[in-house]
Amino acid sequence: MDEYVDMFGLSPADLKREILGCADGPASFNAGMNMRGLRVVSVDPIYSLTTAQIGRRIEETFPVMMEQLEMNLDAYVWTGISSPDALAELRRSSMEQFLADFPKGKEEGRYLPGNLGSLPFGDGTFDLALCSHLLFLYSGELSVDFHRQAVAETLRVAAEIRIFPLQTLAGQESPHLEAVCAHIAETGRRFEIKEVDYEFQRGANRMLRAW
Ligand SMILES: C[S@@+](CC[C@H](N)C(=O)[O-])C[C@H]1O[C@@H](n2cnc3c(N)ncnc32)[C@H](O)[C@@H]1O
């Protein structure tokens, strides 16, 4: 949960807003907020799977993720997180917190299956939408049209969106950033690019905020 607070520069007042977590996957932000009596609704296609299926998927992808990271140690800043072992422990405990919370959270409507291109909510349902480690990061896999549609759709259901990071997996600023910002402005919204107090992937310490 603390990572989300830093990545998105969330203030205590922000945490009390109606929050939509976009593409939250197996992150523990929703569970952590719920433990503090604060409600987040998370939306991700993987929430159509059962807890056991998501658990199996994590077991399959986790070693691959760690292996790739160990081959690229210089691409990360090892200060807040001191070593790959510390990272593995942090990620494991976060995923376990998510898996423990998922069945109850699904019943309570806090985890909903859904796609950023077409969200299952009415206009203006949320105050704030957060999206980490999908848009911009996967610019090679997700087209600029998908990015434009996802941001427009999110701004339909939420008054404000924050997206982190603005870099691709290769560590370069996303080639879609300029077009997305232009699209936000064309649709009469405002935006800013803000430095945040979080940097794990080297150089990835900025978020896009639009409202
Ligand atoms: C790398 S994970 C990031 C998880 C979390 N936000 C974090 O920062 O730890 C990317 C997530 O995006 C989700 N995803 C992929 N395509 C999506 C889409 N079209 N709409 C919403 N979520 C999507 C995946 O299922 C996955 O859980």
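Residues numbered from 1 in each chain as written. Predicted model: local features only at pLDDT ≥ 70, side-chain atom pairs only at ≥ 80, totals over all residues. Heavy atoms only, no water.

Caption draft 1: Expanded view of the pattern of salt bridges. Following the criterion strictly, the structure yields 15 salt bridges and no others. The salt bridge partner of Glu59 is Arg92, with a shortest N-O separation of 3.5 Å. Here the residue Glu59 occupies a position in helix α4 (residues 51-70), and Arg92 occupies one in helix α5 (residues 84-107), the gap between them amounting to 33 residues. Overall, the relative accessible area of 47% leaves Glu59 in the partly exposed class. Given the relative accessible area of 30%, Arg92 is considered partly exposed. For Glu153, the salt bridge goes to Arg156, with nearest N and O atoms at 2.9 Å. Taken together, the residues Glu153 and Arg156, both in helix α6 (residues 144-157) and three residues apart, mark about one turn of the helix. A residue is classified by how much of its surface remains accessible, and Arg156, at 26% relative accessible area, is partly exposed. The network of salt bridges with common partners includes Asp14, Arg17, Glu160, Arg162, Glu192 and Arg209. (Salt bridge = Lys/Arg side-chain N within 4 Å of Asp/Glu carboxyl O. Helix = DSSP H or I, 4+ residues; strand = E, 2+ residues; numbered from the N terminus. Buried < 20%, exposed > 50% of the residue type's maximum accessible area, 1.4 Å probe, protein only.)

Caption draft 2: Structural view of the nonpolar core. By size, the foremost hydrophobic cluster in this structure holds 36 residues, and its most contacted members are Leu10, Phe29 and Leu130. Of all the secondary structure elements, the ones that give two or more residues to this core are α1 (2-7), α3 (29-35), α4, α5 and β4 (126-132). Apart from the residues within four sequence positions on either side, Leu130 is in contact with Tyr4, Phe8, Leu10, Ile19, Leu20, Gly21, Cys22, Phe29 and Arg162. In terms of nonpolar packing, the next biggest core, distinct from the first, is built from 27 residues, Cys22, Leu119, Phe121 and Ala129 among them. (Core = buried A, V, L, I, M, F, W, Y, C linked by side-chain atoms within 4.5 Å. Contact = heavy atoms within 4.5 Å.)

Caption draft 3: Representation of the site of the ligand within the structure. Near the ligand lie 16 residues; those nearest to it are Ala23, Asp44, Leu116, Ser132 and His133. Within the side chain of Tyr4, one N or O atom sits 3.2 Å away from a nitrogen atom of the ligand. Between the ligand and Ala23 there is a distance of 2.8 Å, counted from a nitrogen atom to a backbone nitrogen or oxygen. Considering the ligand on its own, with 600 Å² of exposed area, one finds that the protein chains cover 75% of that surface. For the shell around the ligand, a count of residues per class yields nine nonpolar, five polar and two charged. (Near = heavy atom within 4 Å. Polar contact = N/O pair within 3.5 Å; in protein donor to acceptor, adjacent residues only side chain to side chain. Areas by Shrake-Rupley, 256 points an atom, 1.4 Å probe, with all protein chains shown as cover. Nonpolar A, V, L, I, M, F, W, Y, C, P; charged D, E, K, R; others polar.)

Caption draft 4: Just the packing of α6 against helix α7 (residues 177-186), in detail. For the pair α6 and α7, the least separation of the axes is 10 Å and the interaxial angle reads 40 degrees. When the axes of α6 and α7 are compared, the pair comes out oblique. Here α6 runs over α7; the crossing is right-handed. Within the contact between the two elements, α6 uses Val144, His147, Arg148, Val151 and Ala152 and α7 uses Ala179, Val180, His183 and Ile184. Here the contact of α6 with α7 is composed, by residue class, of six nonpolar, two polar and one charged. (Axes fitted to C-alpha atoms, helices over the stretch in contact; angles between N-to-C directions. Parallel < 35°, antiparallel > 145°, perpendicular 65-115°, else oblique. Left-handed = near helix turned anticlockwise from the far one by under 90°.)

Caption draft 5: Local environment of α5. Under the 1.5 Å per step criterion, the end-to-end length of α5 is 35 Å for 24 residues, consistent within 8% with the ideal 34 Å. The sharpest bend along α5 measures roughly 45 degrees and falls at Asp101, with the proline Pro103 sitting one to four residues further on. Looking only at α5, the buried set comprises Pro84, Leu87, Ala88, Arg91, Ser94, Met95, Phe98, Asp101, Phe102 and Gly105. Turning to α5, the residues buried within the fold contact α1, α3, α4 and β3 (111-112). In the stretch just after α5, Gly109 is the one whose phi turns positive, near 75 degrees. (Expected span 1.5 Å × (residues − 1). Bend = angle between axes of the 7 residues up to and from the residue.)

Caption draft 6: Representation of the sheet that holds strand β2 (residues 40-43) in the model. Pairing within the open sheet is mixed, and its seven strands lie in the order β3-β2-β1-β4-β5-β7-β6. For this open sheet the edge positions go to β3 and β6 (191-195), each flanked by a neighbour on one side alone. In terms of strand pairing, β4 meets strand β5 (residues 158-164) through six bridges, oriented parallel. If you follow Phe126 over to β5, its bridge partner there is Ala158. Each of β1 (19-22), β4, β5 and β7 (206-210) is contacted by α6, which is oriented at about 140 degrees to β5, the strand it contacts most. (Pairing = 2+ DSSP bridges.)

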